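Remarks on the overall topology
What follows is the residue order along each chain.
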Amino acid sequence: MRRLLPLVCLALALEAQAFEFLINGEWEEESFPSDGNLGEHQNGKFRRSVMGPDDKDDGDFEAFAGSGIIVRSYKVESRITSRFAHTTVRSLVVNVAQQAESIAFNVQIPKRAFITNFTMNVNGVMFVGSVKEKTVARNLYAQARARGKAAGIVRTNAQDMDTFKMEVHVPANSNIEFELHYQEMMQRKLGFYEHSLYLQPGQLVPILQVDVYIYEPKGIAVVEAPNTLGEQFKNLAKVVTSKDKAHVVFRPTLFQQRKCDSCSTTAVDGIFTVRYDVHRDNSAGELQVSDGHFVHFFAPNNLSSMPKNIVFVIDVSGSMWGIKMKQMVEALQTILDDLTIDDHFSIIDFNHHVRCWSEDLVHGSSTQVADAKKYIQSIKPSGGTNINEALMRAIHMLNKAANQGFIDQRSVSMIIFVSDGDPTIGEIKLSAIQKNVKRYIREEFSLFSLGIGFDVDFDFLERISMENRGIAQRIYARHDTSEQLRNFYRQISSPLLRKVTIQFPEDSVSNVTQNHFDKFFSGSELVVAGKVQTCFSSPLISFVTASSAQMDLSLQTETDCTELDSLLGHQSHSVAGFARQMWAYITINQLLAERSLAKTAAEKRKITRKILKLALEHQFVTPFTAMLVESETGQERLLADSPKDPKHGCCIGTPLGRKTEVLVQSVPPWALSTPPPSEAKTDRIITMVENDPHFTVHLPKSHMDVCFNIDSEPGHILNLVSDPESGLAVNGQLVAGKKIKNNKLNTYFGTISIYYKTSGIRVDVSTQQVNLIHGKDQHSFSWASTANITLSGMKLSIVKDAHVTITVNNGTTFMVLLHRVWKKHPFNVDFLGIYIPSNNIYSTRVHGLIGQFAVEPEVKIYNIHDGADPVKQEATMEVKGNKLAVTRGWQKDYRKDRKYGSNVFCWFVHNNGKGFIDGQYKNYIVPQMDSFFKQELK
């Protein structure tokens, strides 16, 4: 494990003065469990999340820290366009001390926001940020640090990405300007979008200003800025609105900022909140198109709430004693009062035992509700925590009611699970509990989880809820637990629709985010985004289908594809490219959720690559990217690193216990050395298979190349090299061309597999990707990037969109070349070529279409004469006791010139190599990609 020194210093000369950066931080290498499950401890329990910011003392937080500094200005500006917000925090700080001072700059941001930029101006020296792949940014940062130029590490300190922190050490009379940018999508809850800005300047500020600009094309229904900073700031926020725009401004004077008339400390310490909602004149939702992207907002109203079937599963273990239990009982009493006669419910409370208030669901009548209230008031917390049995009992209760027809088909069934700790009784392995719930819960049921306090494993609650059509929420113990529980319940208390699907005409859109939703609750909103494919000559249309309490719905809406961009062009405070950024924002968050549920390391890596690509393109700081902050000259660098992945994964997701290394290695010389046609008779060291497929076998002793074609069927797998003694098998699977050409349907290698049985490793190279399979683990690599990997005796080198080199057993090497054809090619498809050096070392048992020539046969060519084609001579070949009529021709070697290739002159053997190869080509057809050659030759 590596750690940065607690303080890293940098001295820069500037006009006979100097300033230093001092960054507090710790940089640890990611670690991975040996079983490839990136979400579990070595003991099988999921790692718990770090303590949330609301569970610890916030009194130490200061936006600016330093004894000799003055904050001249502190400005926060948010521009919200169609629910997407871009926020900028700007500040000017001066060191008025007579000596150098350390100045800390800390900003709290919403947990779901992505930092997009950070700049800093220190005495005229500008530092500008850019988002890069995390390892790239760290490497550049480390290079600068090694030269004594690095400023240090800037990173958030919690897994929820709630704080951006850095510290700069500057000489006396220095000016420092900070500017931080972040973006987020507004989420509608209980009928409002709520935008929160953390204002904690730490001292009185001459210029303190907050501006929130809102533009909603369909119109703003309501906007308000409730006073959340304290009574003395009542009515200071001003709201100006028009039909589709709003401006909220907050500018307290120095006097208004004071805690008291004679105080020198600031009272500005809290969250500034803006809430608003929009007009909705279309029950099918609001469809917007801008900058080549679309966003569909769906939030219907005026629908009847669907009946609910709820099982409350309540943790009453010993840790719930005291205020937690008291506030939970208060919340449950309020929640139970919300039930109607059409709802059904029961209560399960558990510690080391599991008890049911009622073994079956009952109607939400006033009598049953009153009895349930008495029951929960009598509970006395004690004992351990048996989560698995409690959840199994709840699932059984709902399944039983459904099987007996007790549950209305148009009702909504859910489990609301509340806990404050890990299991200690029964099944304690969280992954096993997760699997049990997934196995037994029905597709139409949802699991909602509430984690109280910091001692609960919130990562587990998120996974188990997302996997079962629900959500999880943290309940902070030091706040009003009862109110938090009630607010959460209100969000899910009125289900309006089930099985909501938002679709678009085929070929009109692409890269669509999640468009099928299990449930829609009153006061919320469903959002679907994507890229527009064809939309300029006709409007974009969307179709919504859903089921409500009484009916099935089919809705349709459309929008012009150019109108919104025309409107945005006249809006001075709109967010540029909001639809494009919102699509990326939604997609990345969905991928992060998908990654947390991925079952294998290979799936995680595949998703990680998608996240990384989007984050770099849209400049988002995510768990897999970092912001490199450089001076204009590029000589000084800082690293703005996002928090470690809550699942402890990284970009390549390497499991513990597996010897996997990323190496920088050169391509073997043989892979690039292609002699020109004039040197065709000199020693060549390459045997290759190209095109449809053409085999070219180099015979070094005979100083010649021999060629033959194989005309087999699509789907057939041909064995190229089979060496059971060394455990090596190379096979290729054929794919067909698009259509018949010259009365023939050509076949090509679409996948080539190199299997190294000794280490249990297989590399499947296809035209889409490269898969590295090791036991139960599968690692997928895209052709779009270069990679070098060493794994248990196998080396894999991928050159972007070019070729893959596989080396096994410290010397046996293969290169697979990628051939792309243009998309509308009338005949050909993408295919692969394979190049094998003739000096590869095999055992005496090696065979296969190519492997058999590791022991070079004796070949004689005679009776050379002109043929029917004057360019191609004909001759007789003696080989393996056979006399064959052969033709002098050439094949293509594409290693050096991938477009046109270079000619390789060879003697061509007709009839699928009959007489030159052992037996017939059909003998070399094998059943699987990892099969060895076993056919008896005739």
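Residue positions are given per chain, counting from 1 as you read along its sequence in written order. Reporting of local features is limited, given that this is a predicted model, to residues whose pLDDT is at least 70; pairs of side-chain atoms are given and counted only at 80 or more, and all residues count toward the totals for whole chains, interfaces and linings. In computing side-chain values, all of the structure's heavy atoms are included and hydrogens and water are not.

Some remarks on the packing of helix α3 (residues 323–337) against helix α4 (residues 366–377)
α4 packs onto α3 with a crossing angle of 175° between their chain directions and a minimal axis gap of 10 Å. In terms of orientation, α3 and α4 fall into the roughly antiparallel class. Of the residues in α4, those touching α3 at Met325, Val329, Leu332, Gln333, Leu336 and Asp337 are Val369, Ala372, Lys373, Ile376 and Gln377. Under the convention adopted here, Pro, Cys and the residues Ala, Val, Leu, Ile, Met, Phe, Trp and Tyr are nonpolar, Asp, Glu, Lys and Arg are charged, and Gly plus all remaining residues are polar. Within the contact of α3 with α4, the residues separate by chemical class into 7 nonpolar, 2 polar and 2 charged. Note on method: axes are straight lines fitted to C-alpha atoms, helices fitted across the in-contact stretch only, with angles between N-to-C directions ranging 0 to 180 degrees. Only DSSP runs of H or I with at least four residues qualify as helices, and only runs of E with at least two residues qualify as strands; both kinds are numbered from the N terminus onward. Throughout, the term roughly parallel applies to angles under 35 degrees, roughly antiparallel to angles over 145, roughly perpendicular to angles from 65 to 115, and oblique to all others. Any pair of residues with heavy atoms lying within 4.5 Å of one another is described as a contacting pair.

Things to note about empty space enclosed by the protein
Every definition here rests on a 1 Å grid over the protein atoms only: cavities are sets of points where a 1.4 Å probe fits but cannot get out, pockets are open sets enclosed by protein on both sides within 12 Å along at least five of seven lines, and lining residues have some atom within 4 Å of a point. Grid points are joined across faces, edges and corners, and a volume is the space filled by probe spheres set on the points. In the structure shown here, the tally under the stated rule is 5 cavities of 30 Å³ or more. If you add up the space inside the largest cavity, you get close to 80 Å³. Put simply, the parts of the chain that give the lining of the largest cavity at least two residues each are β21 (308–315), α3, β25 (412–419) and α8 (481–492). No other element matches α3, which puts 4 residues into the lining of the largest cavity. For the lining of the largest cavity, a count of residues per class yields 12 nonpolar, no polar and no charged.

What about the packing of aromatic side chains?
The criterion for an aromatic pair is that two Phe, Tyr or Trp rings (for Trp, the six-membered ring) have centres within 6.5 Å, with stacked assigned to planes under 30 degrees apart, edge-to-face to planes over 60 apart and tilted to the rest. Going through the model one piece at a time under the given rule, you end up with 19 aromatic pairs. Ring geometry for Phe233 and Phe250: centres 5.9 Å apart, planes at 70°, overall edge-to-face. Linking Phe233 in the loop between β15 (220–224) and β16 (238–241) with Phe250 in strand β17 (residues 245–250), this pair joins segments that are 17 residues apart in sequence. Phe250 matches Phe233 in its accessibility class, with the two residues each being buried. Taken together, the aromatic side chains of Phe84, Phe114, Tyr585 and Phe620 make up a single cluster linked through ring pairs. Throughout this description, the term charge over a ring refers to an Arg CZ or Lys NZ atom that lies within 6 Å of the ring centre and within 35 degrees of the ring normal. One cation-aromatic arrangement involves Arg888 over Trp907; the distance from NZ or CZ to the ring centre is 5.3 Å. Throughout, exposure labels follow a simple rule: accessible area from a 1.4 Å probe, protein chains only, divided by the maximum for the residue type, with under 20% read as buried, over 50% as exposed, and the rest as partly exposed.

Description of the side chain of Ser493
With respect to the secondary-structure elements, Ser493 resides in the loop between α8 and β28 (495–503). Ser493 gets classed as buried once you look at its relative accessible area, which sits at 8%.

Notes on the sheet that holds strand β33 (residues 552–559)
The pairing criterion is simple: DSSP has to find at least two bridges between the two strands. What the 4 strands build is an open sheet, ordered β30-β28-β32-β33; its pairing is antiparallel. Unpaired on one side and paired on the other, β30 (516–521) and β33 mark the two borders of the sheet. In this sheet, adjacent strand axes meet at a mean angle of 30° when their direction is disregarded. For β28 and strand β32 (residues 540–547), the ladder comprises 4 bridges, and the chain directions are antiparallel. Each bridged residue has a counterpart across the sheet, and for Thr501 the counterpart in β32 is Thr545.

Let's talk about the side chain of Ser411
Note that Ser411 resides in the loop between α5 (387–403) and β25. Side chain to side chain, Ser411 and Asn309 meet in a polar contact 2.8 Å long. Definition of a polar contact: a pair of N or O atoms within 3.5 Å, with one able to donate and the other able to accept a hydrogen when the atoms are protein atoms, and with sequence-neighbouring residues admitted only if both atoms are side-chain atoms. A distance of 2.5 Å separates the side chain of Ser411 from the backbone oxygen of Asp408, its partner in a polar contact. Contact partners of Ser411, with chain neighbours within four places excluded, come to Pro307, Asn309 and Arg498.

Some details on the pattern of salt bridges
Take a side-chain nitrogen of Lys or Arg and a carboxyl oxygen of Asp or Glu: if they are within 4 Å of each other, that pair is a salt bridge. In total, this model carries 29 salt bridges according to the counting rule given. In this structure, Lys326 engages Glu330 in a salt bridge whose closest nitrogen and oxygen atoms are separated by 2.9 Å. Here the residue Lys326 and the residue Glu330 both occupy positions in helix α3, the gap between them amounting to 4 residues, near one helical turn. Judged by its relative accessible area of 32%, Glu330 is partly exposed. Between Glu389 and Arg393 there is a salt bridge; the shortest N-O distance is 3.2 Å. Taken together, the residues span about one helical turn, with Glu389 and Arg393 both in helix α5 at a distance of 4 residues. What makes Glu389 partly exposed here is its relative accessible area of 34%. Each of Arg83, Arg188, Glu216, Asp277, Arg280, Glu286 and Glu525 takes part in a single network of salt bridges with overlapping partners.

A look at the confidence of the model for the protein chain
What pLDDT conveys is the predictor's confidence in a given residue, as a value from 0 to 100. Summing up the model confidence of the protein chain, the mean pLDDT is 81 and the portion of residues at 70 or higher is 83%. A low-confidence stretch, residues 1–59 stays under pLDDT 50, and its non-local contacts, those more than four residues away or across chains, total 175 contacts. Counting interchain partners and residues more than four positions distant, the pLDDT-below-50 stretch residues 642–684 has 127 contacts.

Section: the environment of Pro206
Mapped onto the fold, Pro206 is located in the loop between β13 (192–199) and β14 (207–215). Classification of Pro206 as partly exposed rests on a relative accessible area of 43%. In this structure the C-alpha to C-alpha distance between Pro206 and Tyr74, which are 132 residues apart in sequence, comes to 8.5 Å. Not counting residues up to four positions away in its chain, the partners in contact with Pro206 are Val71, Arg72 and Leu254.

Some remarks on the nonpolar core
Among buried residues, the Ala, Val, Leu, Ile, Met, Phe, Trp, Tyr and Cys ones that are joined through side-chain atoms within 4.5 Å form a nonpolar core. One finds Ile806, Met877 and Phe916 to be the most contacted residues of the largest nonpolar core, which totals 56 residues. The leading source of residues in this core is strand β42 (residues 747–756), at 4 residues. Ignoring any residue separated from it by four or fewer positions in sequence, one finds Met877 in contact with Val706, Val859, Lys860, Ile861, Asn882, Lys883, Leu884, Val886, Trp907, Val909 and Phe916. In this structure, Ile115, Val122, Ile220 and Ala246 belong to the second largest nonpolar core, which totals 52 residues.

Quick look at the sheet that holds strand β18 (residues 270–278)
The strand order across the open sheet built from 4 strands is β12-β13-β18-β15, with neighbouring strands paired in antiparallel fashion. Unpaired on one side and paired on the other, β12 (188–189) and β15 mark the two borders of the sheet.

Description of the pairing of β28
Note on strand geometry: in a regular strand, side chains alternate between the two faces of the sheet. For β28, a buried count of 7 out of 9 residues is recorded, marking the element as mostly surrounded by other parts of the structure. Pairing analysis gives 5 bridges linking β28 to β30, with the strands arranged antiparallel. Bridging across to β30, Arg498 finds its partner in Lys519.

Regarding the environment of Phe853
Locating Phe853 in the fold gives a position in the loop between β50 (831–837) and β51 (859–866). Spatially, the C-alpha atoms of Phe853 and Thr687 are 9.5 Å apart, while their sequence positions differ by 166 residues. Look past the residues within four positions of Phe853 in its chain and what remains in contact with it is Val697, Lys880, Phe916 and Ile917.

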